[in-house]
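Take a look at the letters that make up each chain.
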Amino acid sequence: MAYEEVINELNLKDTELRLGLPGTDEQAEVSCVKSNKRQFHQSNDEHNLKEEYPPPPAKTQIVGWPPVRSNRKNNNKSVSYVKVSMDGAPYLRKIDLKMYKNYHELLKALENMFKFTIGEYSEREGYKGSGFVPTYEDKDGDWMLVGDVPWDMFSSSCQKLRIMKRSEAPAF
Amino acid sequence: MNYFPDEVIEHVFDFVTSHKDRNSISLVCKSWFKIERYSRQNVFIGNCYSISPERLLRRFPCFKSLTLKGKPHFADFNLVPHGWGGFVQPWIEALARSRVGLEELRLKRMVVTDEGLELLSRSFVNFKSLVLVSCEGFSTDGLASIASNCRHLRDLDLQENEIDDHRGQWLSCFPETYTSLVTLNFACLEGETNLVALERLVARSPNLRSLKLNRAVPLDALARLMACAPQIVDLGVGSYEDEQDSESCLKLQAAIRKYTSLRSLSGFLEAAPHCLSAFHPVCHNLTSLNLSYAAEIHGSHLIKLIEHCKKLQRLWILDSIGDKGLEVVASTCKELQELRVFPTDLHGGGNTAVTEDGLVAISAGCPKLHSILYFCQQMTNAALITVARNCPNFIRFRLCILEPHKPDHVTSQPLDEGFGAIVQACKNLKRLSVSGLLTDQVFLYIGMFATQLEMLSIAFAGDTDKGMLYVLNGCKKMRKLEIRDSPFGDAALLADVNKYETMRSLWMSSCEVTLGGCKRLARKAPWLNVEIINENDNNRMEENGYEGRQKVDKLYLYRTVVGTRVDAPPFVWIL
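The name an unreviewed UniProt entry assigns to chain B is F-box domain-containing protein, from the organism Brassica carinata. A UniProt comment under Subcellular location (unreviewed entry) is attached to chain B, and it reads "Nucleus". UniProt, in its Pathway (unreviewed entry) section for chain B, records the words "Protein modification; protein ubiquitination."

Looking up chain A in an unreviewed UniProt entry gives the name Auxin-responsive protein, with the organism given as Brassica oleracea var. oleracea. Its UniProt record gives chain A a comment under Subunit (unreviewed entry), which states: "Homodimers and heterodimers."

Structure below.
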């Protein structure tokens, strides 16, 4: 009797071997890629499927899917290029935001491109320690300080970058 | 009618323009067949391999306009390998040799060459109209030939083609004396344009009604172009980045105020977010708006524009407009007939831009809606049932749920009932695309209720051959059936071979069809071209003993009166 109580309390579900994303109780849905083996449909048995085919990675790319013409797909890709201007520089540059994973990488790249240093970022006081402040124009047309919002939010809403001279940016 | 002289009958036939009706007329009796064939002006050939140019010319010696279609529809999504076919060259050569006074050529999904365009431009004195949709194989040199030689050209309409842009001077090849341009669409060209030549061309074209620019035409040039062509009805804006160029902005705003004839607006291929407001003054007259390439414009700006477009009949937009934006469309655009919502995030990234709620809102607010193409992340049966009740007038219903096999996200059930409601309510449905988790049941509904259905697109759907059989047996008017990644095999393919004589074509890729099954079909139906497209396993297909059971990667079959085509590449095996 005591043994059974112990077993129940242990919650063996946690140790049960199963195929599926961690944290999910439900059967993981097979979301895409019909493999060439095609055994799934012949047996039509969901139980077999779970054992033979682990769920594919969430964003597997299938040929010709979604059914969108290639010129539309290319159009979306171009969104990540943004113009970068720097006060005092004779011409603008363009960078691909998708090349960077975080603010650190982006700022380093800008420093290299324009040969200057940016300084330390803090939430309260913005950038300290240099004569330049990185700003960007968002989708609503407002000029914002780089670094306030999470990287993903920034990279999807950033339209343009401008490295301002501190003397022209009293608000920052 | 038998007592009228031929000229009178011919005059009556002149009022019949639809090619379907003319085909019917020609079947009435020998006399009508003869009169009809000599008087047919516009010939439509839905599959260029169903007939040969020689037979076309024998039957219709006097036509002026030819429409030809080449590759199957799934070629748009890279499922048909390069070099498969659809060459227009033999057609142009045959027409050039004949005495046909060709005035218009409309091609879709065909391979066109510069040599072909050169021959075309030199062979037909009265050539007026060239419309190329989703074609490839030519460059701006071919366009230069057309510009140089076609003295009476009215329309040069290039839609979504792959053109090798040599950044040349094709626009300056239009002679200075040439003033008859009505339509100029070069939005799909990627390279630089000779802006001076373009401005001079537009300035000397008083009949210009439709102008669609490519991304290399900047804002200041646009302002100047618009200023000298206020009669334009259909405008495609190219690059629209309004840098701090206030002078061009003012010029543009002044020009736009004169655009009282503008009814259709498109383009914005490279666009700054807050530039659409310059067009607000003309929005109240717009009947067609295509912002589906304007990836850089935020939903809020799209909505502000649409709020002014009360007369809109056709709207193509990106899903960044969101459900809220679609609600604005539903409450503003009461004349809306056609809606297309394209995806911005192609890999189901998770930000649910439009959902079933947007679709329901549109169906409730737009009573005249008859055509829809809707890309979304999720759908429910309840929503589809509501849409069917709100809009029983759908002629085209294409729903694409981005994740294959995705069920109703509330009930986890297949979407059979939802699509079933659509086909049952929409008695005039001619075109349908299904998606999401679907069993054989949905095809039972389609076979039972979709009596007018002519085109059906299936992807990742169904359980057994029964699904495909329901469709083949039920849909008497089916013309084009295209299926991918679905478990339909030889039993369904071979059940009723004569059915394919009533259809234009069948496409099946990544299904359960075997080589043996295809061979049996080809034997039973010699009036079909049964093509196997096999890019990878060319050698393995030949292995004796095993080939019968070998699964076929891509099958494309179509009826034809001229037998096996001679221009097939090595990876296409015609059985």
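Enquirer: Tell me about the overall build of chain A, and please be specific about residues and values.
Expert: Across its full length, chain A holds six helices and seven strands. Tracing chain A from N to C terminus, the helices and strands come up as α-α-α-α-β-β-α-β-β-β-β-α-β. Within the span of chain A, comprising 172 residues, buried residues form 33% of the whole. Of the roughly 11,700 Å² of accessible surface on chain A, a fraction of 53% belongs to carbon and sulfur atoms.

Enquirer: Give a description of the sheet that holds strand S5 (residues 132-137) of chain A that names residues and reports values.
Expert: Each strand in a sheet pairs with its neighbour through backbone hydrogen bonds, running either in the same direction (parallel) or in the opposite one (antiparallel). Residues and elements named next belong to chain A. With mixed pairing, the five strands of this open sheet are ordered in space as S2-S1-S7-S5-S6. The outermost strands of the open sheet, each flanked by one partner alone, are strand S2 (93-96) and strand S6 (143-145). The average angle at which neighbouring strand axes cross in this sheet is 30°, direction not considered. The sheet contact formed by strand S1 (residues 81-86) and S2 spans four bridges and is antiparallel. Bridge assignment links Val82 to a residue of S2, and that residue is Ile95. Across the sheet, helix H5 (residues 103-114) lies against S1, S2, S5 and strand S7 (160-165), angled at about 155° from S2, the strand it touches most.

Enquirer: So what about a nonpolar patch on the surface? Which residues, and what values?
Expert: Together, Phe4, Val8 and Val12 of chain B make up a nonpolar patch on the protein surface, roughly 230 Å² of accessible area in all. Accessibility expressed as a relative area gives 44% for Phe4 of chain B, which makes it partly exposed.

Enquirer: Please give an account of the UniProt feature "domain: F-box" (unreviewed entry) in chain B that cites residues and values.
Expert: UniProt records the feature "domain: F-box" (unreviewed entry) for residues 4-45 of chain B in the present numbering. When the span residues 4-45 of chain B is considered, its composition is 62% helix and 10% strand, and the gap between its end C-alpha atoms is 31 Å.

Enquirer: Explain helix H16 (residues 440-449) of chain B to me, and be specific about the residues and the numbers.
Expert: Of all the positions in H16 of chain B, only Asp440, Val442, Phe443, Tyr445, Ile446 and Gly447 of chain B are classed as buried. Structurally, H16 of chain B contributes buried residues whose contacts are with helix H15 (416-425), strand S17 (431-433), strand S18 (455-459) and helix H17 (465-474) of chain B.

Enquirer: A description of the nonpolar core should follow, citing residues and the corresponding values.
Expert: In this structure, Leu66, Phe268, Phe279, Phe397 and Ile446 of chain B are the most contacted members of the largest nonpolar core, which totals 180 residues. Residue contacts for Phe268 of chain B: discarding those within four places in its chain leaves Val237, Gly238, Tyr240, Leu276, Phe279, Leu291, Tyr293, Ala294 and Ile297 of chain B. Grouped together as the second largest cluster of nonpolar side chains are 24 residues, Leu97, Phe116, Val133 and Phe154 of chain A included.

Enquirer: Please provide a residue-by-residue account of unusual backbone geometry, values included.
Expert: Here the amide bond leading from Trp65 of chain A into Pro66 of chain A is cis, since omega sits at -5°, within 30 degrees of zero. In this structure, Pro66 of chain A sits in the loop between helix H3 (46-52) and helix H4 (70-77). Here the phi dihedral of Lys115 of chain A falls at roughly 55°; this positive angle occurs in a residue that is not glycine. Position of Lys115 of chain A relative to the elements: it lies in the loop between H5 and strand S3 (120-122). One non-glycine residue, Arg109 of chain B, adopts positive backbone phi at about 55°. Take Arg109 of chain B: it is sitting in the loop between strand S3 (104-108) and helix H6 (114-123). Residue class for Arg109 of chain B comes out buried when judged on its relative accessible area of 9%.

Conventions adopted
Residues numbered from 1 in each chain as written. Chains lettered and ligands numbered in written order. Predicted model: local features only at pLDDT ≥ 70, side-chain atom pairs only at ≥ 80, totals over all residues. Heavy atoms only, no water. UniProt positions renumbered as here; feature names shortened; annotations may be inferred. Helix = DSSP H or I, 4+ residues; strand = E, 2+ residues; numbered from the N terminus. Buried < 20%, exposed > 50% of the residue type's maximum accessible area, 1.4 Å probe, protein only. Areas by Shrake-Rupley, 256 points an atom, 1.4 Å probe, with all protein chains shown as cover. Pairing = 2+ DSSP bridges. Axes fitted to C-alpha atoms, helices over the stretch in contact; angles between N-to-C directions. Contact = heavy atoms within 4.5 Å. Patch = residues over 30% accessible without salt bridge, like charges linked within 9 Å, V, L, I, M, F, W, Y side chains within 5 Å. Salt bridge = Lys/Arg side-chain N within 4 Å of Asp/Glu carboxyl O. Core = buried A, V, L, I, M, F, W, Y, C linked by side-chain atoms within 4.5 Å.

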